[in-house]
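# Structural features, examined
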Amino acid sequence: MPEEPGTDRPAGLIGAVDNVLRLLALFETNKVIRVNEVSRDMGLSRSTVHRMLSTLHYHRFVEQDDLSRAYRPGPALIDIGLAVVRNMDIRAMAHAVLVELAEDTGETVHLGQLRGTDVIYLDSVESAQMVRAGNRVGWSLPAHTTAGGKALLAALPETELKALYPDEQLSAPTPTAIRTRTALLEQLADVRSRGYAVNNGEIEGDIGAVGAAVSDGNGRVRGVLAVTAPISRVDASWTERCGAAVLRSAQTLGKRFG
């Protein structure tokens, strides 16, 4: 990240800290970073960049893919980011949309974000029906087994998906869950075509769901909305109706981010 011409740099800057912060800022525009590219963009030696990344890796601020050797945000960095998001209260921006979506569908709805290969739930509005899906705030579930998670994964390029899922075999919590990366990639292609993702008892056998990613005006994915219900209510008609509703709500929320 070259310095901008005319940038005023305070005299008290600590060079090493400045370099690390500039390196982390690269994740704003890059899903993964590589030593060669960081060295070139920041004007630093490869050995310096490697030491920086090794230190960040030790503290779990970055993770390295075993195959591509590229680095992506690690759990510590993501957790801090989620804490900041919660403090900025993305939930305040989304909550009214969640309430409207719950009223529109009559079902429990959730707001989530992707963390590695998991989706973490930040907010929920429960259905008023006697038999309903429950609140998931604070839950972290495998993304490939949830509608919200699959909607978020569908927004990623295939190279990043393969980095996240280097093995062909996937965990399958229920008999209907996806078991292979090949099957996941096929489902994600359907999600992109349809606009929303579907979960038919894949994380909990008695729960079905639909989910749609929330993107801002620049196409950056900010989160996901999901509608969940007892599997007894989840038929083709329910999926089509609630899928259309969650897609509309995701578009509405996306516009609020500008």
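Refer to the structure presented above.
### Considering helix H8 (residues 181-194)
For H8, with 14 residues, the first-to-last C-alpha span of 20 Å sits near the 20 Å given by 1.5 Å per residue. Along H8, the residues classified as buried are Arg181, Leu184, Leu188 and Val191. Down the axis of H8, the sector holding all buried residues measures 65 degrees, keeping them to one side. Facing away from the buried side of H8 by over 90 degrees, the exposed positions are Glu186 and Ser193. Of the surrounding secondary structure, the elements contacted by the buried residues of H8 are helix H6 (147-153), helix H7 (158-164) and strand S6 (197-200).

### Focus on the pattern of salt bridges
Two side chains carrying opposite charge are able to pair once their charged atoms lie near each other. Counted under the stated rule, the structure contains 9 salt bridges. For Asp104, the salt bridge is made with Arg248, and the minimal N-O distance between the two is 3.2 Å. You can see Asp104 sitting in helix H5 (residues 90-105) and its partner Arg248 sitting in helix H9 (residues 236-256), a full 144 residues away along the chain. On the basis of relative accessible area, Asp104 is assigned to the partly exposed category, the value being 43%.

### Things to note about the nonpolar core
Grouped together as the largest cluster of nonpolar side chains are 27 residues, with contacts concentrated most on Leu111, Val210, Leu225, Val227, Val246 and Leu253. Of all hydrophobic cores here, the second largest spans 20 residues; its members include Tyr165, Leu170, Leu188 and Val224.

### What about the environment of Asp167?
Along the polypeptide, Asp167 turns up in the loop between H7 and H8. Given a relative accessible area of 52%, Asp167 falls into the exposed group. Along the primary structure Asp167 and Arg181 are separated by 14 residues, whereas in three dimensions their C-alpha atoms are 7.2 Å apart.

### Thoughts on the layout of surface pockets
What the second largest pocket holds in volume is close to 160 Å³. If you trace the second largest pocket, you find 13 residues lining it, with Arg34, Ser68, Thr159, Glu160 and Ala163 closest to the centre. Grouping the amino acids of the lining of the second largest pocket by side-chain chemistry returns 6 nonpolar, 2 polar and 5 charged.

### Let's talk about the side chain of Gln113
Along the chain, the position of Gln113 falls in strand S3 (residues 108-115). Of the polar contacts made by the side chain of Gln113, one reaches the backbone oxygen of Arg222; its length is 2.9 Å.

### Some details on the sheet that holds S6
Pairing is antiparallel in the open sheet, where 6 strands are placed in the order S5-S4-S3-S8-S7-S6. The outermost strands of the open sheet, each flanked by one partner alone, are strand S5 (140-142) and S6. Between one strand axis and the next, the sheet turns through 30 degrees on average, direction left out of account. Sheet topology places S3 next to strand S4 (residues 118-125); 7 bridges connect them, and they run antiparallel. Within the sheet, the bridge partner assigned to Gly112 lies in S4 and is Tyr121. H9 contacts S3, S6, strand S7 (207-215) and strand S8 (221-230) of the sheet and is inclined by roughly 25 degrees relative to S7.

Here is what the cut-offs are and how they apply
- Residues numbered from 1 in each chain as written.
- Predicted model: local features only at pLDDT ≥ 70, side-chain atom pairs only at ≥ 80, totals over all residues.
- Heavy atoms only, no water.
- Helix = DSSP H or I, 4+ residues; strand = E, 2+ residues; numbered from the N terminus.
- Expected span 1.5 Å × (residues − 1).
- Buried < 20%, exposed > 50% of the residue type's maximum accessible area, 1.4 Å probe, protein only.
- Arc of directions from axis to C-beta.
- Contact = heavy atoms within 4.5 Å.
- Salt bridge = Lys/Arg side-chain N within 4 Å of Asp/Glu carboxyl O.
- Core = buried A, V, L, I, M, F, W, Y, C linked by side-chain atoms within 4.5 Å.
- 1 Å grid on protein atoms, 1.4 Å probe; cavity = no way out; pocket = protein on both sides within 12 Å on 5 of 7 lines; lining within 4 Å.
- Points joined across faces, edges and corners; volume = space filled by probe spheres on them.
- Nonpolar A, V, L, I, M, F, W, Y, C, P; charged D, E, K, R; others polar.
- Polar contact = N/O pair within 3.5 Å; in protein donor to acceptor, adjacent residues only side chain to side chain.
- Pairing = 2+ DSSP bridges.
- Axes fitted to C-alpha atoms, helices over the stretch in contact; angles between N-to-C directions.

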